Amino acid sequence: MFRYLRTLSATIMASPITSSDIMAEFASNTGLSPSSATPRRYLWTDAFAVCNFLGLNFSTGDEKYQRLALSLVEQVHTTLGQHRKDDKRKGWISGMDEEQGKLHPTIGGLRIGKQMPERGAKDPYDDDLEWDRDGQYYHYITKWMHALTCVSVATGESKYAIWAAELAKGTHDKFTYDSGGRKRMYWKMSIDLSRPQVPSMGHHDPLDGYISFQAIQVNLASRGIDDPSLETEITDMAGICQGKDWKTTDPLGLGGLLTDAFRVTHLMASGKWSEGGKLLESILEAVCRGIEGFTHHTHLDGSANHRLAFRELGLAIGLKAVPKIQKMFEDNTELSKQCPQAKKLLEKLQQQGDTIMNKIVSFWSNPANRKGSTWKEHLDINMVMLATCLQPDGFLMK
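Residues numbered from 1 in each chain as written. Predicted model: local features only at pLDDT ≥ 70, side-chain atom pairs only at ≥ 80, totals over all residues. Heavy atoms only, no water.

Peer 1: Where do I start with the packing of aromatic side chains in this structure?
Peer 2: The relative placement of two aromatic rings is captured by the distance of their centres and the angle of their planes. The full count for this structure, using the stated rule, is 13 aromatic pairs. Plain terms: the ring middles of Trp44 and Phe48 are 5.5 Å apart, the flat faces sit at 40° to each other, and that makes the pair tilted. Remark: Phe48 and Trp44 occur in helix H3 (residues 43–60); sequence separation between them is 4 residues, near one turn of the helix. Judged by relative accessible area, which is 8%, Trp44 ranks as buried. Residue Phe48 is classed as buried on the basis of its relative accessible area of 3%. Between the aromatic rings of Trp131 and Trp187, the centroid separation amounts to 5.5 Å while the plane-to-plane angle is 70°, which identifies the pairing as edge-to-face. Taken as a pair, Trp131 in the loop between helix H6 (127–130) and strand E1 (136–137) and Trp187 in the loop between strand E3 (182–185) and strand E4 (188–189) lie far apart in primary sequence, 56 residues in all. Grouped by ring-pair contacts, the aromatic residues Tyr42, Trp44, Phe48, Trp131, Tyr137, Tyr140, Trp187 and Phe395 constitute a single cluster. Positioned above the aromatic ring of Phe363, the side-chain terminus of Arg307 is 3.8 Å from the ring centre. (Phe/Tyr/Trp six-rings, centres within 6.5 Å; stacked < 30°, edge-to-face > 60°. Helix = DSSP H or I, 4+ residues; strand = E, 2+ residues; numbered from the N terminus. Buried < 20%, exposed > 50% of the residue type's maximum accessible area, 1.4 Å probe, protein only. Lys NZ or Arg CZ within 6 Å of the ring centre and 35° of its normal.)

Shown next as structure tokens:
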């Protein structure tokens, strides 16, 4: 009997981790299900989580996952769309009254969800502390635009498409500014969008905005919705992107570029962005150069305590997009005419990336490597992005 129990225990311990198991634990840990009066919401993590629940709904047919996705959207809006409980300001950060705020929950942007309050207008700047302070990050906002777009596609409900557009339009003029006759962007803004908290521009923020705006505009048009329109904002973002080199050796940044490449390819394949070819090639070329730098300077054989899972998993998610992009090229011969260099770049990426992706996913799927301090310090984001790696179809939605 003892031998049987020991064998059973070993079998359970060896069972592969699944996206559904991770997301069930995440929902419980953060106060989503069962619902808590004080849920732990964080915009970046929750954007991936919404997509993961949608993906589980697609793969299993179980409607509970769509309900969880929609409940999470509501929690994010009522939590991060409103002022913090420790803030003297109350209600929606947009300044709208309760009724109008519920109808337009994203129009004033969404808080990051950091534990520390934002830095006050007269407080001294501290580079280390700023990482832990609340506010609004543009690259988090674009992730939420993507999540809302995915929800609108999955449910067929237009309100999510409109909320994505209102988020884009409501934050654009606050994050962008004129500098020497050209538009630039702030990386981080105050909760009410009244002042920049970090004035530098995120490397890929304008690219994320440009592609997100295009996707939102196409989604609205498919529903016969012409207001709000993002034409002006798209033009602004195209101008900021002009002449940029997207190369990075940061794994999370590389993964983001590949998911951007996936979205551009999908828009082109659906006939909605015929002029996206040069942009797609510039992204893929930058990733190829960046991957070479990443592999030269980074060793994926280190211990868990010296690695950041969510950054590596971001790269793995992006690499999961490569065969999906290749499949779109196989199914649509017009893409090769619009992007003559893309196929070679994709083949090179697959050769470079498969080993990297498998190493990352295998390492973080091992329970022993999820016991280290860096995993626990970033538990929610690590869990959710591992789940996305295991089941990427919700995030990489066509």
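Still more to cover.
Peer 1: Please explain the pattern of salt bridges as it appears in this structure.
Peer 2: Considering all chains together, one arrives at 24 salt bridges under this definition. The salt bridge partner of Asp46 is Arg41, with a shortest N-O separation of 2.8 Å. With relative accessibility at 4%, the residue Arg41 sits in the buried group. A salt bridge links Glu118 to Arg195, with the shortest nitrogen-to-oxygen separation between them at 3.9 Å. Within this pair, whereas Glu118 is found in the loop between helix H5 (98–103) and H6, its partner Arg195 is found in the loop between E4 and strand E5 (196–198), the two being separated by 77 residues in sequence. Residue class for Glu118 comes out buried when judged on its relative accessible area of 12%. Bridged by salt links that share partners, the residues Asp87, Arg89, Glu118, Asp192 and Arg195 form one connected network. (Salt bridge = Lys/Arg side-chain N within 4 Å of Asp/Glu carboxyl O.)

Peer 1: Would you mind going over the sheet that holds E5 with me for this structure?
Peer 2: Strands in a sheet are paired, the pairing made by backbone hydrogen bonds, and the direction either parallel or antiparallel. An order of E1-E4-E5 is seen for the 3 strands of this open sheet, with the pairing classed as antiparallel. A strand with exactly one partner marks an edge of an open sheet, and here the two such strands are E1 and E5. As judged from the 2 bridges shared by E1 and E4, these two strands associate in the antiparallel manner. Of the residues in E4, the one forming a bridge with Gln136 is Met189. (Pairing = 2+ DSSP bridges.)

Honestly, that's just the spatial picture; any functional story needs more than this.
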